[in-house]
Amino acid sequence: MTDTTEIWMGLNFLREGKSKRIYVKDVSTIVLEFKDFVTAFDGARKDNVLGKGVVNARISAYLFRRLEEEGIKTHFIEYDGCRRITVKKLDMVPLEVIVRNYAYGSLLRRMPLFKPLSKLEPPIVEFHYKDDRLHDPLVLREDVVGAGLLTDGEVEEIIKLSLKINEFLTSLFEERGLKFIDVKFEFGRDSEGEFLLADEITGDSFRVIDSDGRHLDKEVYRKGATPQELISRYLELLRKLGIEVCEDDLRC
Ligand SMILES: Nc1ncnc2c1ncn2[C@@H]1O[C@H](COP(=O)(O)OP(=O)(O)OP(=O)(O)O)[C@@H](O)[C@H]1O
Ligand SMILES: [Mg+2]
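Rules and cut-offs
Residues numbered from 1 in each chain as written. Chains lettered and ligands numbered in written order. Predicted model: local features only at pLDDT ≥ 70, side-chain atom pairs only at ≥ 80, totals over all residues. Heavy atoms only, no water. Disulfide = S-S within 2.5 Å. Helix = DSSP H or I, 4+ residues; strand = E, 2+ residues; numbered from the N terminus. Buried < 20%, exposed > 50% of the residue type's maximum accessible area, 1.4 Å probe, protein only. Domains from an automatic or database assignment. Contact = heavy atoms within 4.5 Å. Buried area = accessible area lost by both parts, 1.4 Å probe. Salt bridge = Lys/Arg side-chain N within 4 Å of Asp/Glu carboxyl O. 1 Å grid on protein atoms, 1.4 Å probe; cavity = no way out; pocket = protein on both sides within 12 Å on 5 of 7 lines; lining within 4 Å. Points joined across faces, edges and corners; volume = space filled by probe spheres on them. Nonpolar A, V, L, I, M, F, W, Y, C, P; charged D, E, K, R; others polar. Pairing = 2+ DSSP bridges.

### Re the state of the cysteines
Taken as a whole and judged by the stated rule, the model has one disulfide. One disulfide bridge connects Cys82 with Cys252, the sulfur atoms lying 2.0 Å from each other. In this structure the cystine formed by Cys82 and Cys252 twists about its S-S bond by roughly 110°; its chirality is therefore right-handed. Taken together, the residues span a long stretch of sequence, with Cys82 in the loop between β7 (76-79) and β8 (84-88) and Cys252 in the segment after α6 (227-240) at a distance of 170 residues. On the basis of relative accessible area, Cys252 is assigned to the partly exposed category, the value being 40%. Note on Cys246: no disulfide assigned, nearest cysteine sulfur contributed by Cys252 at a separation of 9.2 Å.

The following block contains the structure:
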C-alpha cells in the first residue's frame, strides 16, 4: 500500500493497494474503489483489465448483501452501482484466513499427498500473516496467539465465523452448478470490538470451477490467460450468479 494525499469528490484519498484505492469518508467510514488492474505472483505479472473494477465491486456488494441477509456481519454499507463500495472503517487483523474445501494451490505444494481437487472434509482453515515482503507466510494458531495478535478465544471465533461464511458461499455457488474450491477472508474489529468480514469477496479472493472444471476466477490469469480472457470469465461468473452487468457499465 502507498500513502498520498489527494481529494476525489470531496473524499480524502488515503492509500492505494494492488487492487483497490481507499478514500476516507468520515471517522468511521471509508470507500473502497476497485481498480481495473490485476496482479499475480506478488506483482510479478500485472495488467490493466477494462471492467474488472466494476465487476469486482458488483460481486462483492452482491455477496456482502447476501451474507448480511443471513445475519452474518460484514463491513458493507452501500454500493454506488459502479466501482465503489462504502464500508465501515475497521481495525484490520493483519491475517488472511483461508478456507479450503478442495485440495488446490499452495496446499498441494506443501502436502503433495493430497490428490488435486480432492474434497477436504472438514474444510481446512489456515492463517497467513499479511506481509507482502514475506509473501504472506502461513502461520500457526499458536503463532497468532503467542505474538499477541489474537487471543485463543478470538482465534476460535474467527475460525467459526469463517466456516459459517464458507458454508453459506459454498451452497450459494453449488446452487449455480459451481464448485467452491477455496477462499480468502479478511476480518477487522469495529468500534465495539466485534469482528466483521471485510475487504472483498471476488474472483481475486476465491477459486470456483464450473462442471467442466473451468475456473471462473483469477486462476486463469495465473495460468497465462490474457486480461480479455480474464474479464470474460469474470462476466460469466456474474451471469451464473444472476448479477446483471452490461457493456456500458464496465466503463463507468
Ligand atoms: N473495512 C475496512 N477497514 C479498513 N481497512 C480495510 C477494510 N477492508 C479492507 N481493508 C484494507 O484495505 C486494503 C485494500 O487494498 P488492496 O486489497 O488493494 O491492498 P493490497 O495491495 O492487496 O494489499 P494488502 O496485501 O494489504 O491487501 C487492504 O489493506 C485491506 O486490508
Ligand atoms: Mg488486498
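### Description of the environment of Ser191
Mapping Ser191 onto the fold places it in the loop between β14 (187-189) and β15 (195-197). Residues Ser191 and Glu219 lie 28 residues apart in sequence; the distance between their C-alpha atoms is 36 Å.

### Brief notes about the domain arrangement of the chain
Assigned domains of the chain: these are domain 1 (2-90 + 229-246) and domain 2 (92-209). In this assembly, 28 residues from domain 1 lie in contact with 26 residues from domain 2. Buried surface at the junction of domain 1 and domain 2, summed over both partners, amounts to about 2400 Å²; 63% is from carbon and sulfur atoms. Taken together, the links from domain 1 to domain 2 amount to five salt bridges. Salt-bridge contacts for Asp199 lead to Lys20; the nearest nitrogen and oxygen are separated by 3.1 Å.

### Section: empty space enclosed by the protein
Evaluated as defined, the whole model comprises one cavity of 30 Å³ or more. What the largest cavity holds in volume is close to 30 Å³. Forming the walls of the largest cavity are Val93, Leu95, Val97, Phe127, Leu150, Ile158 and Phe187. Looking at the lining of the largest cavity residue by residue, the class counts come to seven nonpolar, no polar and no charged.

### With respect to the pairing of β8
When a strand is regular, its side chains alternate between the sheet's two faces. A large share of β8 lies buried, amounting to four of its five residues. With five bridges joining them, strand β4 (residues 29-34) and β8 adopt antiparallel strand pairing. Opposite Leu32, over in β8, you have Ile85 as the bridge partner. Direction of pairing for β7 relative to β8: antiparallel, over a ladder of three bridges. Bridge pairing links Tyr79 to Ile85 in β8.

### Observations regarding unusual backbone geometry
Note the cis peptide between Glu121 and Pro122, where omega equals 0°. Considering the arrangement of structural elements, one finds Pro122 in strand β11 (residues 119-129). Backbone geometry at Phe41 places phi at a positive 55°, although glycine is not the residue there. Looking at where Phe41 falls in the secondary structure, it is placed in the loop between β5 (37-40) and β6 (45-48).

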